[in-house]
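Chain and residue survey
Here is what each chain is made of, one letter per residue.
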Amino acid sequence: MGTPSGEDFVFIDVDDTIVEVQGYQKQGSGYGYSGVRGLKAVLATASTKDAAPVIIGQRLRKGAANLARGAKRFVMDALATLKRTNVAGLCRFDSVYYGHATVSAAVAGGAGASVTVRMDPAIKRAITAFSSRKRCKRITGRLVVLRIPELNPKATDGQPTLFDTHRYQAFFTIVPAGTLGTVEADKIHRQHAQIEQVIADMKDSALARLPSGKFAANSAWLVAAVMAYNLTRAAGVLAKATFAKAWTGTIRAKLINVPARVASSARRIRFHLPESWPWQTAWEQLFAATHAPPQTT
């Protein structure tokens, strides 16, 4: 395989969300960085420039857990799914996962990494990240710093400022400049935000709540929720039309909850669909893909 470009990567995005709970009966619930009582669901998604993301890893953590702890193993498990394919992976993280453990896990898994940097004094002194490590464990890359206009300045008494204010945002990437230029690397790193759409989709369905007071049962619920999400996403892709990147709630409402009348005749089950049903073509494509006749040899 030659040197990959931005068009060839499989993007592995890692992020977390707080599943809010009420009361003190939920095992493991606690207050995290958001100040909301709940449990933390950590997700890893895989996507390409043309394909909507699917979830390839999940983990339920205590509400007060430090997400950096255990992140290395989580990233390595997620990257293990790419070992069966001849594609290049690029892991994208926000600043919560900025650390040697996660970036070194991406390197060990044969993938690139792009991570939002926490702005601290060390970043201003060096481009080589994690310089406190032994020389053999240091990771060299590029530090890209963005100068962004401050669109939400603090409230004043009506007195305008003498000049426009700015803030700075930085990310660290180990992808060579020959593979991704600075502008393209910034564009691709920003697309890490698509995992937020996956999280919002999940919270619109199974992750709206965790039903049990037992931590193990809620962990199993998260696994089942991820399976349901991926299967529904696959159904949307098979239906083609406008469902390839639709929310799973839309797919359930228009393709799975079918407004059909079931009838049987001559030992055959028939679906009587409504006349002028706008999603008939998409549903028939999904049905044909999942119930194709067996191939004969």
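Further up the page is the structure itself.
Let me sum up the structure you'll find in this document. In this numbering scheme, every chain counts its residues from 1 along its sequence in written order. Reporting of local features is limited, given that this is a predicted model, to residues whose pLDDT is at least 70; pairs of side-chain atoms are given and counted only at 80 or more, and all residues count toward the totals for whole chains, interfaces and linings. The side-chain values count all of the structure's non-hydrogen atoms but skip hydrogen atoms and water molecules.

1. A look at helix H4 (residues 182-190)
This is how it is decided: The buried label goes to any residue with under 20% of its type's maximum accessible area, the exposed label to any with over 50%, and the partly exposed label to all in between, with areas taken from a 1.4 Å probe on protein chains only. Secondary structure is summarised from DSSP: a helix means a run of H or I of at least four residues, a strand means a run of E of at least two, and numbering begins at the N terminus for each. Here the arc refers to the directions that run from the helix axis out to each C-beta atom.
Along H4, the residues that are buried comprise Ala-185, Asp-186, Ile-188 and His-189. Projected onto a plane normal to the axis of H4, the buried residues spread over an arc of 165° and lie on a single side. Opposite the buried face of H4, by more than 90 degrees, sit the exposed residues Val-183 and Lys-187.

2. Describing empty space enclosed by the protein
Put simply, the rule reads: Cavities and pockets are found on a 1 Å grid laid over the protein atoms alone: a cavity is a set of points where a 1.4 Å probe fits but cannot escape, a pocket is an open set with protein on both sides within 12 Å along at least five of seven lines, and a lining residue has an atom within 4 Å of such a point. Grid points are joined across faces, edges and corners, and a volume is the space filled by probe spheres set on the points. For this scheme, ten residues count as nonpolar: Ala, Val, Leu, Ile, Met, Phe, Trp, Tyr, Cys and Pro. Four count as charged, namely Asp, Glu, Lys and Arg, and the remainder, Gly too, count as polar.
Inspection of every chain in the model, using the stated rule, returns one cavity of 30 Å³ or more. The wall of the largest cavity is formed by Val-14, Val-42, Arg-59, Arg-61, Leu-67, Gly-70, Ala-71, Phe-74, Val-75 and Tyr-97. Listing elements by their share of the lining of the largest cavity, those giving two or more residues are strand E4 (54-61) and helix H1 (71-79). Across the lining of the largest cavity, the residue classes break down as seven nonpolar, one polar and two charged.

3. Concerning a nonpolar patch on the surface
The criterion, for reference: Patch membership requires more than 30% relative accessible area and the absence of a salt bridge. Residues of like charge join within 9 Å; the nonpolar side chains Val, Leu, Ile, Met, Phe, Trp and Tyr join within 5 Å. All accessible-area figures derive from a Shrake-Rupley calculation using a 1.4 Å probe, and residue coverage is judged against the displayed protein chains alone. Throughout this description, the term salt bridge denotes a Lys or Arg side-chain nitrogen within 4 Å of a carboxyl oxygen of Asp or Glu.
Taken together, the side chains of Val-262, Ile-269, Phe-271 and Phe-287 make up a nonpolar region of the molecular surface, amounting to roughly 410 Å² of accessible area. Relative to the helices and strands, Ile-269 is located in strand E10 (residues 268-272). Residue classification places Ile-269 among the exposed residues on the basis of a relative accessible area of 64%.

4. Observations regarding a positive patch on the surface
Our working definition: His is not counted, nor are the chain ends; Lys and Arg add positive charge and Asp and Glu add negative charge. Positions of charges follow a simple convention, taking NZ of Lys, CZ of Arg, CG of Asp or CD of Glu.
A cluster of basic residues, Lys-72, Arg-133, Lys-134 and Lys-137, forms a positive patch on the protein surface. Take Arg-133: it is sitting in the loop between helix H3 (121-125) and strand E7 (142-149). Classification of Arg-133 as partly exposed rests on a relative accessible area of 38%.

5. Examining unusual backbone geometry
Although it is not a glycine, Ala-266 sits at a positive phi angle of roughly 55°. In this model, Arg-267 sits at a positive phi of 60°, which is unusual for a non-glycine residue. Tracing the chain through its elements places Arg-267 in the loop between strand E9 (261-265) and E10. Exposure remark for Arg-267: the relative accessible area of 88% places this residue in the exposed category.

6. Examining the pairing of strand E5 (residues 88-93)
Look at any regular strand and the pattern is simple: side chains alternate between the two faces of the sheet. Note the cut-off: Note: two strands are recorded as paired if DSSP finds a minimum of 2 bridges between them. We call a crossover right-handed when, viewed with the strands running away from us, the connection from the first strand over the helix to the second turns clockwise.
Counted residue by residue, E5 has six buried out of six residues, so it is predominantly covered. Sheet topology places strand E1 (residues 9-20) next to E5; five bridges connect them, and they run parallel. Its bridge partner being in E5, Phe-11 is matched across the sheet by Leu-90. The sheet contact formed by E5 and strand E6 (residues 112-116) spans four bridges and is parallel. Across the sheet, the residue bridging to Phe-93 is Val-115, located in E6. Note on the crossover from E5 through helix H2 (residues 100-108) to E6: the handedness is right-handed.

7. Thoughts on the pattern of salt bridges
Applying the stated rule across the entire model yields five salt bridges. Linking Lys-49 and Asp-50 is a salt bridge whose minimum nitrogen-to-oxygen distance equals 2.9 Å.

8. Examining helix H6 (residues 215-239)
What counts, and what does not: To estimate how far a helix should reach, multiply one less than its number of residues by 1.5 Å. We call two residues in contact when some of their heavy atoms are within 4.5 Å.
Taking 1.5 Å per residue as the helical rise, H6 with its 25 residues ought to reach 36 Å, and the 36 Å between its terminal C-alpha atoms agrees with that figure. Those residues of H6 hidden inside the fold are in contact with strand E3 (37-47), E4, helix H5 (194-203), helix H7 (248-256) and helix H8 (280-290).

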